[in-house]
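These are the residues of each chain, in order.
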Amino acid sequence: MLVRAITAPGLRRWCRGRRGAAAACFPLGRALLGVRGAEAGAFLQGLLTNDVTRLLAEGDAPRALYAHALNAQGRCLYDVILYRLHRSTAEEPHILLECDSSVLDSIQKHLKLYKIRRKVTITPCPDFSLWAVLPGDASSLPKCADQALLLTPDPRTEVMGWRLIAKKGANLSEIIPGSQVGDIQDYHRHRYKQGKAKPCCALWDLPPGVALPLESNLAFMNGISFTKGCYIGQELTARTHHMGVIRKRLLPVSFPEPLPAAGLPEGAEILTAAGKRAGTFRAGGGELGIALLRLAHLGEPLCIPLGAHRVRLRAATPQWWPQAAAQ
């Protein structure tokens, strides 16, 4: 099966820092849903923040899109990655929807609630496995691989590498010669450095029904269209965008000192040195994590109170963000 391989300039620059290292493949343990049928595109278009019609366009259409499904109040229910499996517009639309395994049943119910009489089938795909690939050298990624269903750049941002979908049990060393299976915790550390929430919809990274898409940097991650038609939750999202005022954002944080043995409670309140509320700790691993923080306190000393003890932390804007993002 032909695998589209698109090397982005930013990814090439990032790969230079890992030149000589083998490509690392990380098993994501995600679930995949097949959404197939003549009305698959129109069906998903009304439920998701991104412009799904791009997956169905002729010519050089993308192979993957990132998006959120929102509730009527404009808050995130699920964040998903869509993959196009059909090769041309002459074929029946066939889209794979990636979601966290823990929300598989929930998202199926959500989709079927709005399916009504549309000509669409929604089925789990347990025979496929999903991998994140951080290449040591992007030029070493294959242009074709018989065992790969799809190999494509991560649609959110270049620094997150590639996404690989293969049949379960496929030999990764045959798909990507010289590759190694990496420790998933190393991948989580990498995404925390970039300020990435865990796709898709981890409980504390993006609390369902609580997180707002623009505060979660959806626009920076190519996950929203402000020119498409209506979708559930659009009103608040569009109004926030056009007002141009986003006071809080999901940011990477680091801890200069060792953390308590019990770790930090997810959802813990973050304070400034003066005791003002600055935000909420979402999730982390080791000395890295992500937090929802008020941008006004970005350059200030911050801490998480734990009884009589205070855990110090620092926040920073990722290098891949637009330069004016923190202003």
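If you're wondering where the values come from, they're calculated on a predicted model, not measured in any experiment.

**A few points about unusual backbone geometry**
Here is step 1: Non-glycine residue I116 carries a positive phi angle of around 50°.
Here is step 2: Checked against the element boundaries, I116 lands in the loop between α3 (104-115) and β6 (121-124).
Here is step 3: For I116, a relative accessible area of 69% corresponds to the exposed category.
Here is step 4: One non-glycine residue, N222, adopts positive backbone phi at about 55°.
Here is step 5: Taking relative accessible area as the criterion, N222 reaches 46% and is therefore assigned partly exposed.

**Some remarks on the sheet that holds strand β10 (residues 180-181)**
Here is step 1: Spatially, the five strands line up as an open sheet ordered β8-β9-β7-β1-β10, and their pairing is mixed. Unpaired on one side and paired on the other, β8 (148-153) and β10 mark the two borders of the sheet.
Here is step 2: The pairing of strand β1 (residues 24-27) with strand β7 (residues 128-134) spans four bridges and is classified as antiparallel. Looking at the pairing, A24 lines up with L134 of β7.
Here is step 3: Packed onto the sheet, helix α5 (residues 184-193) meets β1, β7 and β9 (162-167) and runs at close to 100° relative to β1.

**Here's the deal with the sheet that holds strand β13 (residues 277-285)**
Here is step 1: Overall, antiparallel pairing links the six strands, which are arranged β11-β14-β13-β12-β15-β16 in a closed barrel. With direction set aside, neighbouring strand axes in the sheet form an average angle of 45°.
Here is step 2: Packed on one face of the sheet, α5 meets β11 (248-254), β13 and β14 (288-294) and runs near 30° to β14.

**Observations concerning the environment of T280**
Here is step 1: Within the secondary structure, T280 is located in strand β13.
Here is step 2: Sequence separation of T280 and E266 is 14 residues, and the distance between their C-alpha atoms is 8.4 Å.
Here is step 3: Once you skip the residues sitting within four places of it in the chain, T280 turns out to touch G267, A268, I270, A291 and L292.

**Quick notes on the packing of aromatic side chains**
Centre-to-centre distance and the angle between the planes together describe a pair of aromatic rings.
Here is step 1: What the rule picks out here adds up to four aromatic pairs.
Here is step 2: Here the aromatic rings of F255 and F281 are separated by 6.0 Å at their centres, their planes lie at 70°, and the arrangement is edge-to-face. You can see F255 sitting in the loop between β11 and β12 (269-272) and its partner F281 sitting in strand β13, a full 26 residues away along the chain.
Here is step 3: Ring plane angle 85° and centroid distance 6.5 Å describe the contact between W320 and W321, whose orientation is recorded as edge-to-face.
Here is step 4: When its relative accessible area of 16% is taken as the criterion, W320 is described as buried.
Here is step 5: Each residue in the set F220, W320 and W321 is aromatic and connected to the rest through ring pairs, giving one cluster.

**Focus: the nonpolar core**
Here is step 1: Ranked by size, the top nonpolar core spans 55 residues in total, and within it Y83, I270, L293 and I304 carry the most contacts.
Here is step 2: Ranked by residues supplied to this core, first place goes to β14 with five residues.
Here is step 3: Of the domains in this structure, domain 1 (23-197) and domain 2 (247-326) are the two that each give at least three residues to this core.
Here is step 4: Filtering out sequence-adjacent residues up to four positions away, I270 remains in contact with K276, R277, A278, G279, T280, F281, A291, L293, L302, C303, I304 and L313.
Here is step 5: One finds V52, Y78, V103 and I122 within the second-largest nonpolar core, a separate group that totals 26 residues.

**Re the pairing of β8**
Here is step 1: Taken across its six residues, β8 has six buried, putting it largely inside the fold.
Here is step 2: Pairing of β8 with β9, which is carried by five bridges, proceeds in the antiparallel orientation. Note on β9: the bridge partner recorded for T152 is R163.

**Let's talk about the pattern of salt bridges**
Here is step 1: Following the criterion strictly, the structure yields eleven salt bridges and no others.
Here is step 2: R36 is the salt-bridge partner of E92, the closest N and O atoms lying 3.2 Å from each other. Placement of E92 in the loop between β4 (76-84) and β5 (94-100) and of R36 in strand β2 (residues 30-36) is noted, with a sequence separation of 56 residues between them.
Here is step 3: Since its relative accessible area comes to 44%, E92 is described here as partly exposed.
Here is step 4: In this structure, the salt-bridge partner of R156 is D154, at a minimum N-O distance of 2.6 Å. The same class applies to R156 and to D154, which are both buried.
Here is step 5: If you follow the salt bridges from partner to partner, you end up with R30, E98, D100, D154, R156 and R163 in one network.

Basis of the calculations
Every chain's residues receive numbers from 1 upward, in the order its sequence appears when written. At least 70 in pLDDT is required for a residue's local features to be given in this predicted model, at least 80 for side-chain atom pairs to be given and counted, and no such filter applies to totals for whole chains, interfaces and linings, which use all residues. As a rule here, side-chain values come from all non-hydrogen atoms in the structure, and water together with hydrogens is ignored. Helix and strand assignments come from DSSP, with helices taken as H or I runs of at least 4 residues and strands as E runs of at least 2, each series counted from the N terminus. Summary of the burial criterion: residues with accessible area below 20% of their type's maximum are buried, those above 50% are exposed, and those between are partly exposed, where the area comes from a 1.4 Å probe applied to protein chains only. By the convention used here, strands pair only if DSSP detects at least 2 bridges between them. Whether two residues touch is decided by their heavy atoms; if any such pair falls within 4.5 Å, the residues are in contact. In this analysis, axes come from line fits to C-alpha atoms, helices being fitted only over the stretch in contact, and the angle between any two N-to-C directions falls in the range 0 to 180 degrees. By convention, a stacked pair of Phe, Tyr or Trp rings (six-membered ring in the case of Trp) has centres within 6.5 Å and planes under 30 degrees apart, an edge-to-face pair has planes over 60 apart, and any other such pair is tilted. In plain words, nonpolar cores are sets of buried Ala, Val, Leu, Ile, Met, Phe, Trp, Tyr and Cys residues tied together by side-chain atoms within 4.5 Å. What marks off one domain from the next here is an automatic or database domain assignment. In what follows, salt bridge is the name for a side-chain nitrogen of Lys or Arg lying within 4 Å of a carboxyl oxygen of Asp or Glu.

Function cannot be inferred from these measures alone, as they are strictly geometric.
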